[in-house]
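# Results of the structural survey
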Amino acid sequence: MLIKPYGDTSGDGAVQLSFTLPVKNCGRAKEAARLYAQKLGFHKVDVVHAAALSEEFTFFVAYGKTEVGLDYDKVEYAEAVNDCMSMDAVNEFIKTHLRRKLVIVGACTGTDAHTVGIDAIMNMKGYNHHFGLERYPMIEAFNLGSQVPNEKLLSYARQVKADAVLVSQIVTQKDVHIKNLTELVELAEAEKLRGEMLLVVGGPRVNNKLAKELGYDAGFGPGTYAEHVATFVARKLHERMSGKK
Amino acid sequence: MTPVKSKLGLSKPKIAKARELAADIAAPVQEFIDGHTTVTIERATLRLLGADGATSDGVPVPNLIASQCADKLSGGAARYYLNALIKQDRTPAELNKEIACGLDITKFELTDLGRIRNKAEEAVKGMDARIAGNVAHRNSELARNGGAMKSPLIYVIVATGNIYEDVKQAQAAAGEGADIIAVIRTTAQSLLDYVPYGATTEGFGGTYATQENFRIMRAALDETGSKEGRYIRLVNYCSGLCMPEIAAMGALERLDMMLNDSMYGILFRDINMYRTFTDQFFSRMINSAADIIINTGEDNYLTTSDAVEKAHTVLASQLINEKFAFNAGMPARLMGLGHAYEIDPELKNGFLYEYAQALMAREIFPDHPLKYMPPTKFMTGDIFKGYAMNTLFNFVSRATGQSIELLGMLTEAIHTPYLQDRHLAIENALYVHNTMAGFMDEVEFKKEGVMARRARQVLDETIEMLSDVKRRGLFSAIETGMFAEIKRPRDGGKGFDGVYEKAPGYYNPVEDFLKKKLEIGRRPRAASRG
């Protein structure tokens with residue numbers, strides 16, 4: 001099935017455009033906008049509005065028609081394997097399946113002073129319009145900040161009965177993060193905390209494969225938001241709980 | 001501002017009761033503040049005495065001095081800087097260079113206090129003249145361009161990361177009708193325990209607040225202002241770990257407004273509460289002295305919590321912010337208390353609740369230049385719906401006489417504003433402001449209508465909450481998550497190690513000057529009007 005945009009008639013290919021050009025508003029500028037839209041492949045271009053944004057910029061609203069069609073049958077889209085729940089869905093999931101608030105403790109450990117990663121996941125404001133765990137009603141989140149010693153992180157996690165511990169590692173010079181992450185796992189095992197709580201690591205040079213090799217439950221790399229982490233933690237805990245039954 | 005007759009039938013005794021509770025809440029915190037200083041207060045003091053510049057690696061001179069002082073900071077850093085000026089017989093500029101090259105000024109034996117006091121007097125006089133000059137210049141520009149503050153003032157944001165690109169966008173926006181330009185800071189600057197130095201061209205989602213960047217934008221807005229025949233106000237962020245230092249820089253470079261909240265850093269940036277309370281006091285004294293309008297951050301409560309259920313937390317915070325600001329010698333006319341239009345657009349009568357809340361704020365804070373924030377939480381990729389929501393926001397803003405209106409962008413949830421987004425926002429606001437110019441005087445509300453009942457309910461809930469906060473104490477209230485549903489331990493958060501109990505003989509000539517100028521401690525702090 002060949003498809004084209006629909007304005008008011010089947011197959012008319014009508015498209016609405018708005019853009020700014022770096023020129024002073026005048027007749028010539030309007031003509032330039034029309035020609036520019038034509039260059040984009042539209043025909044019957046109508047520049048319906050032009051407004052000066054300053055002496056040097058003009059804003060245009062234009063309509064054009066396109067001949068370009070697309071065979072819809074050939075469009076392929078694979079649903080993401082790691083489908084991730086929204087904040088609200090995570091909260092509902094926790095309410096329904098775990099029936100209590102989850103406790104998550106996070107920190108940037110070792111000598112690493114970069115809180116940007118752990119803050120993006122945990123801070124109320126979150127990152128890029130993805131709210132952080134502190135905003136999740138069904139999660140009690142504790143962000144311990146940066147340069148937190150592994151011992152302190154674990155003792156805090158034990159104190160608040162954490163369900164999951166999040167570790168952020170930004171600095172990776174001379175593989176310092178590997179050493180630090182290994183130490184945390186060893187400490188957790190020595191203190192018999194390993195079965196008690198999930199260990200999750202994140203950072204720009206981290207992925208799931210590396211994390212598992214190091215003995216973590218999961219690893220998250222660039223582009224991760226709080227809902228990814230929350231989805232993982234909630235589902236994993238639920239899995240464990242159902243497994244125990 | 002003209003006195004407002006209550007259209008919502010709010011009870012005056014209840015409003016007075018709420019203010020009284022806020023005063024009781026602030027009092028023990030103020031006692032802590034008065035006995036403490038912080039590393040950034042000391043650095044701000046040094047800056048106001050002339051310390052500036054940075055090493056080739058970018059370490060600011062005020063930070064170098066603070067490290068040299070180490071534990072001596074509890075006695076005040078000023079004396080070491082002043083002593084070095086005397087001992088080395090240098091101007092501040094000369095001394096700054098030597099410090100940046102490695103001179104340790106704490107090594108010099110301290111000369112007698114009399115000479116240090118004389119030197120301090122000279123430095124403080126210079127600072128006072130510069131700040132007073134800035135105030136006088138602003139006032140004369142404002143008077144020349146029509147005097148009284150028009151309402152609402154149109155506030156827009158630039159956020160390119162590059163100060164020179166910011167200038168282009170800011171000038172375009174001012175040319176189209178923006179009255180106020182805010183330069184958003186780069187992600188996480190609030191967590192840096194120093195202020196970067198010089199002009200900057202790289203940032204993430206914003207531009208570094210530096211004194212040089214302040215200067216560049218100030219000059220650009222002055223240029224556009226004189227072309228447009230309007231004074232264009234400049235805003236930055238006096239928040240985070242360097243609150244007082246940003247205030248100092250803003251006072252020196254004639255910024256006009258500063259985001260400055262007594263609790264925002266604690267709740268939303270996890271900065272230690274003792275640090276934040278102490279810092280906000282000093283920064284507000286500087287802002288008061290420089291006639292800089294503060295903008296508080298109550299809008300953030302509503303992006304966190306439900307705007308209908310938690311409306312009273314906004315009013316409670318406004319009252320607490322107001323009291324802390326009064327304590328810092330700030331008059332009401334400089335208190336841009338914040339609130340926001342953040343009710344779920346799907347909610348029936350949501351508009352009436354927004355209208356009631358905004359009008360309630362106006363009636364409770366008649367002399368305050370209220371800062372009204374646009375919808376953000378429920379903005380989506382549907383820019384057309386977003387534009388409609390912004391129109392209603394503009395309506396409420398005009399209909400309730402808000403003073404500072406941060407315009408909503410139709411692309412709020414998508415990207416930092418394009419040039420055209422700002423144009424559309426300003427066009428929308430100017431249209432609404434003009435077409436309903438006299439609306440406010442035309443309407444009254446039913447005594448038992450939805451709006452009046454709503455406002456009374458919020459005030460009642462506020463009193464209930466403030467009573468609870470008073471009972472627990474503000475520190476404990478924050479620890480238990482009473483604000484924005486966020487819990488912060490009193491000894492947790494960033495910057496706690498930079499808080500010092502003032503040692504006997506603590507010396508800070510800038511603080512002494514500010515307290516005297518603002519008559520702090522001379523008049524009862526209970527005054528509820530500035």
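Look up a bit, the structure's there.
About the criteria used
Going along each chain's sequence as written, the residues are numbered from 1 onward. Lettering for chains starts from A, numbering for ligands starts from 1, and both go in the order in which the items are written. Residue-level local features of this predicted model are given only where pLDDT is at least 70; pairs of side-chain atoms are given and counted only at 80 or more, and the full residue set underlies all totals for whole chains, interfaces and linings. Neither water nor hydrogens contribute to the side-chain values; these are computed over all heavy atoms in the structure. Note on geometry: axes are C-alpha line fits, over the in-contact stretch for helices, and angles between N-to-C directions span 0 to 180 degrees. In this text, helices come from DSSP runs of H or I with a minimum length of four residues, and strands from runs of E with a minimum of two, each type numbered from the N-terminal end. When the near helix sits turned anticlockwise from the far one by under a right angle, the crossing is termed left-handed; a clockwise turn instead gives a right-handed crossing. Whether two residues are in contact is decided by their heavy atoms: any pair within 4.5 Å suffices. Nonpolar side chains (Val, Leu, Ile, Met, Phe, Trp, Tyr) are joined into patches within 5 Å and like charges within 9 Å, using only residues with over 30% relative accessible area and no salt bridge. Only the protein chains shown count as cover for residues, and all accessible areas are computed by the Shrake-Rupley method using a 1.4 Å probe. Every case where a carboxyl oxygen of Asp or Glu lies within 4 Å of a side-chain nitrogen of Lys or Arg is listed as a salt bridge. Lys and Arg are tallied as positive, Asp and Glu as negative. Neither His nor the chain termini are counted. Charged side chains are reduced to one point each, which is NZ for Lys, CZ for Arg, CG for Asp and CD for Glu. Remark: exposure states derive from per-residue accessible area (1.4 Å probe, protein chains only) relative to the maximum for the residue type, with buried under 20%, exposed over 50%, and partly exposed in between. For our purposes a nonpolar core is just a set of buried Ala, Val, Leu, Ile, Met, Phe, Trp, Tyr and Cys residues, chained together by side-chain atoms within 4.5 Å. The labels follow the angle: roughly parallel below 35 degrees, roughly antiparallel above 145, roughly perpendicular from 65 to 115, and oblique for the rest. Charged residues are taken to be Asp, Glu, Lys and Arg, nonpolar residues to be Ala, Val, Leu, Ile, Met, Phe, Trp, Tyr, Cys and Pro, and polar residues to be all remaining types, Gly included. Think of it this way: DSSP has to see at least two bridges between two strands before they count as a pair.

It is worth spelling out the packing of helix α14 (residues 350-364) of chain B against helix α15 (residues 383-399) of chain B at this point. All names here are of chain B. Packing of α14 against α15 brings their axes to within 9 Å, and their N-to-C directions diverge by 30°. In terms of crossing hand, the pair formed by α14 and α15 is right-handed. Together, Phe351, Glu354, Tyr355 and Ala358 of α14 and Leu392, Phe395, Val396 and Ala399 of α15 make up the contact between the two elements.

Side chains of Glu151, Glu183, Glu186 and Glu189 of chain A sit close together on the surface and give a patch of like negative charge. In terms of residue count, the dominant contributor to the negative patch is helix α5 (residues 176-190) of chain A (three residues).

Moving on, we get to a nonpolar patch on the surface. Residues and elements named next belong to chain A. A cluster of nonpolar side chains, contributed by Met1, Ile3, Leu70, Tyr72 and Val75, occupies part of the molecular surface with about 480 Å² of accessible area. On the secondary structure map, Tyr72 appears in the loop between β5 (70-71) and α2 (87-98). Assessed through its relative accessible area of 47%, Tyr72 is described here as partly exposed.

Looking now at the nonpolar core. Soluble, globular proteins show a tendency: their nonpolar side chains are buried together. Counting residues in hydrophobic clusters, the biggest one holds 169 residues, and the most contacted among them are Tyr81, Met263, Phe277, Leu474 and Phe483 of chain B. Beyond its immediate sequence surroundings of up to four residues, Leu474 of chain B is in contact with Ile25, Val29, Met263, Phe277, Ile320, Phe324, Val469 and Phe483 of chain B. Within the second largest apolar cluster, 29 residues are counted, among which are Met138, Ile139, Leu166 and Leu237 of chain A.

Residues and elements named next belong to chain B. Where helix α11 (residues 273-289) meets helix α13 (residues 311-327), the closest approach of the two axes is 9 Å, and the angle between their N-to-C directions is 60°. It follows from the interaxial angle that α11 and α13 lie oblique. Seen along the crossing, α11 lies across α13 with a hand that is right-handed. Only Asn321, Phe324, Ala325 and Asn327 of α13 make contact with α11, whose side of the interface consists of Phe277, Gln280, Phe281 and Arg284. Residues belonging to the contact of α11 with α13 are distributed by class as follows: four nonpolar, three polar and one charged.

Residue and element names in this part refer to chain B. The strand order across the open sheet formed by nine strands is β7-β6-β5-β4-β3-β2-β10-β9-β8, and the pairing between neighbours is parallel. A single partner strand is all that each edge strand has here, and the edge strands are β7 (335-336) and β8 (338-340). As paired strands, strand β6 (residues 293-295) and β7 are joined by two bridges and run parallel to one another. Bridge assignment links Ile294 to a residue of β7, and that residue is Met335.

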